[in-house]
Amino acid sequence: MFESLQERLGSILNGLTGRGALSEADVSAALREVRRALIEADVALEVVRSFTDRVREKAVGAEVLKSIKPGQMVVKIVHDELVATLGSEGETIDLNAPAPVVVMMVGLQGSGKTTTTGKIAKRLTERQGKKVLMASLDTRRPAAQEQLRQIGEQVSVATLPVIAGQSPVDIARRAVQAGKLGGHDVVILDTAGRTHIDEPLMIEMADIRKVSDPHEILLVADSLTGQDAVNLARSFDERVGLTGLVLTRMDGDGRGGAALSMRAVTGKPVKLIGTGEKMDALEEFHPKRIADRILGMGDIVSLVEKAAETIDAEKAAAMAKKMQSGKFDLNDLADQLRQMQKMGGMGGIMGLMPGMGKMKDQLAAAGLDDKMFGRQLAIISSMTKKERANPDILKHSRKKRIAAGSGTSAADINKLLKMHRQMADMMKAMGGKGKGAGMMQKMM
Ligand code: GDP
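Quick caveat: nothing in here was measured; it's all calculated off a predicted structure.

1. Points about the overall build of the chain
Secondary structure summary: the chain contains 20 helices and 10 strands in total. The long-range fraction of contacts in the chain, counting pairs at least 24 apart against all pairs at least 6 apart in sequence, stands at 78%.

Right, dumping it as structure tokens:
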């Protein structure tokens, strides 16, 4: 069994008593383990390298919050970066083109291309009511065309009749033609594979592409592909041009590193995953699930979510304390503005804050609506650290500079400062009555 990354990082980082920011040394130690975990998960080396570089950038200096351990903090950063790299959820096959929409399946022999062709045809037919035609362009293996015909029978989808002696390019042309004449919505071309990438294969794929003008070109790849994943994806993308990836055998016990490798080198989305030999074993891609799998942590989702909750709760508590003491500076205001943006603007926030009607009026009077958040944040970030902590020191000349730096006017800055003063006063008053903390916690 794989030792979980959490356990490994635990033994390195949980012994650290130092809190505060993650140091370069902490992060380097942690990243050695992250690298090992990624390599064990079959992520290609060059991708491991660029990935850990990005994590390092984000992690060094990141603050470790009181209730979570440094190891958990690193895991959270790694997990978030994995999800970001794996990319968007819910990408599906795009059929937004004049019929018949041509979908070209490419990949190595044995990757699951023919099976996946059948699965996709079945899905489009049953779930989207599409009229689909499948065609096998594999003239090299005599059994291939027969295999697709049988699959077609099994899923009740039409296949292009075989004409002996035709070249793959001829078959592609005929398939598109038949799709047009037969009123098909979609034509799926199941191209021939090889055991490895070679020049004739790439030339054949490029030729097929030329005559069939596919709207989607999907690389079907075995999720157990290791270091080769990068080469495979890069070659097909450069020579044929991919629009998406399909990973098969995700039902196996591989760790799914190929998803990361291929996504990273091509930037193309994983659109579907194959999870078995049966014709309905095709699923949408969920970056979060794959990230968990790569890290080898069944419980990471809850762990990460807990960590995120903790972060928010700690922030809220710290903020409440500040408010009670009357110290609410522009850094805090910037934090609040960011939180407000995150929470869906003014409407969302005010709904969460009983008795905040008065504050809402004041914010509105100060010209703070949803569009203003960004401008206000720009103003604050143009100030120096000292000015943010103590805005009273701002002279007119500095205001003009800041206005120029943030693309606003001195009047905008004065408005912001006035709003900040009013908020600080009000929060101090609320804090004095001991209500602020609860209210603020709700707000975060
Ligand atoms: P092709 O040469 O690329 O067309 O590959 P095939 O479609 O013929 O698939 C090769 C083998 O892999 C077949 O036995 C399929 O049943 C099997 N296969 C394809 N996709 C999956 C999958 O997602 N999971 C599992 N377990 N087997 C699969």
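2. Description of the site of the ligand
By nearness alone, 17 residues border the ligand, and Gly112, Lys113, Thr114, Thr115 and Gly274 come closest of all. Looking at the shell around the ligand, its residues break down into 1 nonpolar, 12 polar and 4 charged.

3. Some details on the pairing of strand β6 (residues 186–190)
The element β6 is largely enclosed, with a buried count of 5 among its 5 residues. Burial along β6 is two-sided: the face carrying Val186, Ile188 and Asp190 and the face carrying Val187 and Leu189 are both buried. Two elements, strand β3 (residues 101–106) and β6, share 5 bridges in a ladder whose sense is parallel. Within the sheet, the bridge partner assigned to Met104 lies in β6 and is Leu189. Sheet topology note: the strand β4 (residues 132–136)/β6 ladder contains 5 bridges and is parallel. The residue of β6 that forms the bridge with Ala135 is Leu189.

4. Digging into the UniProt feature "domain: SRP54-type proteins GTP-binding" (unreviewed entry) in the chain
As annotated by UniProt and renumbered to match this structure, "domain: SRP54-type proteins GTP-binding" (unreviewed entry) occupies residues 269–282. For the annotated span residues 269–282, helix accounts for 0% and strand for 43% of the residues, and the straight-line distance between the end C-alpha atoms is 16 Å.

5. Focus: the sheet that holds β4
Spatial strand order, β5-β4-β6-β3-β7-β8-β9-β10: 8 strands in an open sheet with mixed pairing. Both edges of this open sheet fall to β5 (158–159) and β10 (282–284), since each of them pairs with a single strand only. Along the sheet face, helix α6 (residues 142–155) touches β4, β5 and β6 and points at about 160° away from the line of β4.

6. Topic: the packing of helix α7 (residues 168–181) against helix α8 (residues 199–212)
The interhelical angle for the contact between α7 and α8, taken along N-to-C directions, is 25°, at an axis separation of 9 Å. Judged by the angle between their axes, α7 and α8 are roughly parallel. In this structure, the crossing between α7 and α8 has a hand that is right-handed. Judged by residue contacts, Pro168, Val169, Ala172, Arg173 and Val176 of α7 engage Glu204, Asp207, Ile208, Val211 and Ser212 from α8. For the contact of α7 with α8, the per-class residue count stands at 6 nonpolar, 1 polar and 3 charged.

7. Here we look at α6
Of all the residues in α6, the buried ones are Gln145, Leu148, Ile151, Gly152 and Val155. For α6, the angular spread of buried residues about the axis comes to 120°, placing them on one side. Residues Pro142, Ala143, Glu153 and Gln154 are exposed on α6 and point more than 90 degrees away from its buried face. Residues of α6 that are buried sit in contact with α5 (113–128), β4, β5 and β6.

8. Examining unusual backbone geometry
Residues Ala99 and Pro100 are joined by a peptide bond in cis, for which omega reads -5°. Phi is positive for Asp42, close to 75°, though the residue is something other than glycine. By C-beta crowding, Asp42 is classed as buried, having 22 other C-beta atoms within 10 Å. A positive phi angle is found at Arg249, which is not glycine, with a value near 60°. Residue classification places Arg249 among the buried residues on the basis of 21 C-beta atoms within 10 Å.

9. Focus: the pairing of β3
Summarising burial for β3: 6 of the 6 residues are buried, a large majority. Burial along β3 is two-sided: Val101, Val103 and Met105 and Val102, Met104 and Val106, pointing in opposite directions, are all buried. With 4 bridges connecting them, β3 and strand β7 (residues 216–222) associate as parallel partners. Across the sheet, residue Met104 finds its bridge partner in β7, namely Ile217.

10. A few points about the nonpolar core
Counting 87 residues, the largest nonpolar core has Ile188 and Leu189 as its most contacted members. By residue number, the principal contributor to this core is helix α4 (residues 70–86), which donates 7 residues. Residues lining this core come from more than one domain, with at least three contributed by each of domain 1 (5–86) and domain 2 (101–288). For Leu189, the contacting residues outside a window of four places in its chain are Val102, Met104, Met105, Ala135, Leu137, Ala172, Ala175, Ile208 and Ser212. Counting 13 residues, the second largest nonpolar core, distinct from the first, contains Ile402, Leu416, Met423 and Ala424.

11. Comments concerning the confidence of the model for the chain
Averaged over all residues, the pLDDT of the chain is 82; the fraction at 70 or higher stands at 78%. In this model residues 351–355 is a low-confidence stretch, pLDDT under 50, and it forms 5 contacts with partners more than four residues away in sequence or in other chains.

12. Here's the deal with the environment of Ile120
Tracing the chain through its elements places Ile120 in helix α5. According to the C-beta neighbour criterion, Ile120 is buried, with 27 such atoms within 10 Å. C-alpha separation for the pair Ile120 and Val132, spaced 12 residues apart in sequence, amounts to 9.6 Å. Apart from residues lying up to four places away in sequence, Ile120 is in contact with Ile93, Ile188 and Leu282.

13. Here we look at the packing of α4 against helix α10 (residues 257–266)
Following both chains from N to C, one finds α4 and α10 inclined at 60°, their axes separated by 9 Å at the closest point. In terms of axis orientation, α4 runs oblique to α10. Every residue of α10 that contacts α4 at Leu82, Thr85 and Leu86 is listed here: Ala259, Leu260, Arg263 and Ala264. For the contact of α4 with α10, the residue count by class is 5 nonpolar, 1 polar and 1 charged.

Thresholds, definitions, all that
Once a new chain begins, its residue numbering starts again from 1 and follows that chain's sequence as written. Given that this is a predicted model, residues contribute local features only at a pLDDT of at least 70 and side-chain atom pairs are listed and counted only at 80 or more, while totals for whole chains, interfaces and linings are drawn from all residues. Here a strand is any run of E in DSSP of at least two residues, a helix any run of H or I of at least four, and the numbering for each starts at the N terminus. Distance between backbone-placed C-beta atoms decides contact: two residues are in contact if it is within 7 Å. Any residue whose C-beta atom, as placed from the backbone, lies within 6 Å of a molecule or strand is termed near it. When residue character is reported, Ala, Val, Leu, Ile, Met, Phe, Trp, Tyr, Cys and Pro are called nonpolar, Asp, Glu, Lys and Arg charged, and the others, Gly included, polar. Each residue is classed by its C-beta neighbour count within 10 Å, where at least 20 other C-beta atoms makes it buried, 12 or fewer makes it exposed, and intermediate counts make it partly exposed; the C-beta atoms are placed from backbone geometry. For two strands to count as paired, DSSP must find a minimum of two bridges between them. UniProt positions are given in the numbering used here, feature names are shortened, and annotations may be inferred rather than shown by experiment. Lines fitted to C-alpha atoms define the axes here, with helix axes fitted over just the stretch in contact, and angles between the N-to-C directions of these axes take values from 0 to 180 degrees. Angular relationships are summarised with four words: roughly parallel below 35 degrees, roughly antiparallel beyond 145, roughly perpendicular across 65 to 115, and oblique for the angles in between. For any helix crossing, the convention is left-handed if the near helix is rotated counterclockwise from the far helix by under a right angle, and right-handed if that rotation is clockwise. Starting at the helix axis, one direction is taken to each C-beta atom, and the arc is that of these directions. Nonpolar cores are built from buried Ala, Val, Leu, Ile, Met, Phe, Trp, Tyr and Cys residues. These are joined into a set through C-beta atoms within 7 Å. Domains are outlined according to an automatic or database domain assignment. The predictor rates its confidence in each residue with pLDDT, a number between 0 and 100.

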